Amino acid sequence: MTSVAIRVFAVALSSVLLAACGSSESPQIAPPVAPGECGDHTPYRNAYFGDLHVHTAYSFDAYLFGNHVNDPQIAYDFAKGERIRLNDSARGERYVELQHPLDFAAVTDHSEYIGEVRMCTDPEQSPLAYHDPLCLQFRTAQPGDSVGFLVWGLRLTRPYYGRHLFCVYGDCPAAAQSVWEQTVRVTNAENAPCRFTAFNGYEYSPSSDGSRMHRNIIFRGNEVPQAPVSYFDAPEPIELFRRLNDVCRPEDGCEYLSIPHNSNLSHGRLLWADPERFSDPQYVADLREISRLNPVLEMMQIKGASECKLGLGGSTDEECEFEQVRAKPLCCDAANGITEHCVDPLPSVPFRGEPNCHEVCPGDRPRAFQNEPDNSQGCLASHDFLRGAFLKGMAAQKTLGFNPSRYALIGSTDNHNAASGDTEEAGGPGAVLGWEGAHGGQDDDPEERFDVLTNIGRITNPGGLAGIWAEQNTRESLYTALMRGEVFATSGTRLRLRLFAGDYPPGLCNEPDERLKRIAYEQGVPMGGDIPLTAAGTPRFLVQVLADRHPLQRTQIVKLWVDAQGQGHERIFELGRYAEPAAVDEQCGVRFSVPPESRMSACHEWQDPGFDPAQAASYYARVFEDRSCRWTGHLCAALQRSGEVHCADQPQHPCCTSGEDAVIKVQQERAWSSPLWYAPGSP
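Note that this is a predicted model, so its numbers are computed, not measured.

**Comments concerning empty space enclosed by the protein**
- Under the defined criterion, the tally for this structure stands at three cavities of 30 Å³ or more.
- Within this model, the largest cavity holds a volume of roughly 60 Å³.
- Taken together, Tyr 58, Val 107, Asp 109, Ile 114, Val 179, Trp 180, Thr 183, Gly 201 and Tyr 202 form the lining of the largest cavity.
- Listing elements by their share of the lining of the largest cavity, those giving two or more residues are α7 (172-190) and β6 (201-204).
- When residues of the lining of the largest cavity are assigned to their parent elements, the largest contribution, three residues, is made by α7.
- By residue class, the composition of the lining of the largest cavity is six nonpolar, two polar and one charged.

**Examining the nonpolar core**
- In this structure, Trp 152, Phe 166, Tyr 202, Phe 219 and Leu 240 are the most contacted members of the largest nonpolar core, which totals 41 residues.
- Mapped by element, the contributors of at least two residues to this core are α1 (60-65), α3 (114-121), α5 (133-140), α7, β6, β7 (215-219), α8 (237-247) and α9 (281-293).
- Ranked by residues supplied to this core, first place goes to α7 with six residues.
- Listed in part, the 31 residues of the second largest apolar core include Ala 47, Val 545, Leu 552 and Tyr 619.

**As for the environment of Ala 662**
- Along the chain, Ala 662 turns up in the loop between α14 (631-642) and β28 (666-667).
- Judged by its relative accessible area of 24%, Ala 662 falls in the partly exposed class.
- Linking Ala 662 and Gln 652, residues ten residues apart in sequence, is a C-alpha distance of 9.8 Å.

**Here's the deal with the state of the cysteines**
- Across all of its chains, the model carries twelve disulfides by this definition.
- Covalent S-S linkage joins Cys 38 and Cys 194, the inter-sulfur distance amounting to 2.1 Å. In this structure the cystine formed by Cys 38 and Cys 194 twists about its S-S bond by roughly -85°; its chirality is therefore left-handed. Of this pair, Cys 38 sits in the segment before β1 (46-54) while Cys 194 sits in the loop between α7 and β5 (197-199); the two residues are 156 residues apart in sequence, bridging distant segments of the chain.
- The disulfide partner of Cys 331 is Cys 357, and the gap between their sulfur atoms is 2.0 Å. Here the S-S torsion is close to 95°, and the disulfide linking Cys 331 with Cys 357 is therefore right-handed. With a gap of 26 residues between them, Cys 331 in strand β11 (residues 330-331) and Cys 357 in the loop between β12 (342-343) and α10 (386-400) connect regions that are remote in the sequence.

Reading guide: rules and limits
Residues numbered from 1 in each chain as written. Predicted model: local features only at pLDDT ≥ 70, side-chain atom pairs only at ≥ 80, totals over all residues. Heavy atoms only, no water. 1 Å grid on protein atoms, 1.4 Å probe; cavity = no way out; pocket = protein on both sides within 12 Å on 5 of 7 lines; lining within 4 Å. Points joined across faces, edges and corners; volume = space filled by probe spheres on them. Helix = DSSP H or I, 4+ residues; strand = E, 2+ residues; numbered from the N terminus. Nonpolar A, V, L, I, M, F, W, Y, C, P; charged D, E, K, R; others polar. Core = buried A, V, L, I, M, F, W, Y, C linked by side-chain atoms within 4.5 Å. Buried < 20%, exposed > 50% of the residue type's maximum accessible area, 1.4 Å probe, protein only. Disulfide = S-S within 2.5 Å.

Here it is, written out as structure tokens:
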């Protein structure tokens, strides 16, 4: 049963009761706002938007991309709405600016090499290191210099990991500590409770055997370790968390959480929980600790979406192909059950280039040794995407007693220009060519952005945003929301999305706001929580959406469940389809099939017709805006308007081609809620 209403709400839950992710107890209204708290404080919570994954000139790869100037201060200036300058291109000076400031951000420079970057760029640190040939190459490398990335990137993979040899001329760990202290000072100074929240953070960036195993570490407050724990200090994730637990203790005022990202490029490794080791008490204890410290997954960013992959895990969802960096179809593989939505692999031919399809990891397990220097190659596993990870986690819960893959969902950018939250497809105020790219001089020119490079070029996107529902815009409130999972991911839009489940009466969407809010939290739980059994036996779900500037097109609930035999399944339920997709022309003009003003918000009530109280399941909402131009469409339109591209004379230009090799110019922005979870025996 569904209904649509022009009403949007926020539901309040006690931060005390829900500080632990997944609490299933009935929440209580927070006490009235005390004097001195934020003016917009509400027990029903506000939606705040931000970016928890941003790189500056302190990151080795950002510097190699050509970002030599934009530091953490500039990243926060940009997040707060200031116009900043990027590296110049052949076309001249480049500037970017947000349409609207962010509510929060974290600078997350790579912990690996922040000391080495300082040694190579500051002669006062060590003249010998500064003049070392490797540092000279680092400073003078042109954007896209493969030699520089090979030399620096190899040491983030086994068996090569470790600091560069020029560190014998100086103290690289001490330099790293100095850079970290400088970043922390800037972050703490930029944190302005009630107006803008700045989180201390960094990225832990191993690329073992070419597999992305990256995580962002976000700290709750001012108290942080003296230096970040890097891959050089802790080559395995559990070592990272043990080291961090030693130097960041709650009794000392230090708390942190970890946000994995780019599981889609991890070759089955980042989110892997090995059933063959579930009998090992130490392995299970480590899994439990990793699960506790990783409550959130960054599932949308510049290097693609990690929701699902068509054909993988049996998925038939065409929307799985949205912003896929690994966009080729799967290789048909009967032994691995891949017989649909796949193509036969072409025979291996030397110098042929990339394969025509993506191989599936044998047995849906990571290989013992991947050895793929290019992380866009290598096998794919179902748990590289959130649906497969959720299904495997629910199956594991039957054995372990806990779900090792229980994640809330956010988006962020992974921007390397220090341009936090720069997700506008059409660019910000004054943009001529639309989005200006995110990788310094490696994608500062239109032809470069049209190229098909590893993780860069037309296969990338501006990235996503993190949405957080919290009482007010403070570190404490936002961090607590991240821990309890009351967060959502967007593809870059600021669409607001809520999902609840509980023992709700029919017609809740038609109730006055105050009554609706009270019933929603008193008789149910928000996304991130455990669905309780209701008196009626079948919970009722509530989805509410508020559009950004573009109208809504449809709303869905995605159900994932594990049957008695341990097999995973998925099903998509259409809650509302408000219009047929709009028509978008070559100049990005949009012709809507239904007036936009009639579909700027929605409220739906729904019950699962196949709900089984004996069956583990998870549910998340997915909402689509109507069609609009992707950044590539805006760029093509600008080049055609300026006369730089004439398709009649340049039929092979990326803006003019058609068929499989055509540039995707039109998209549907979207948002994903965090899941609600049901397990047999839930209170």
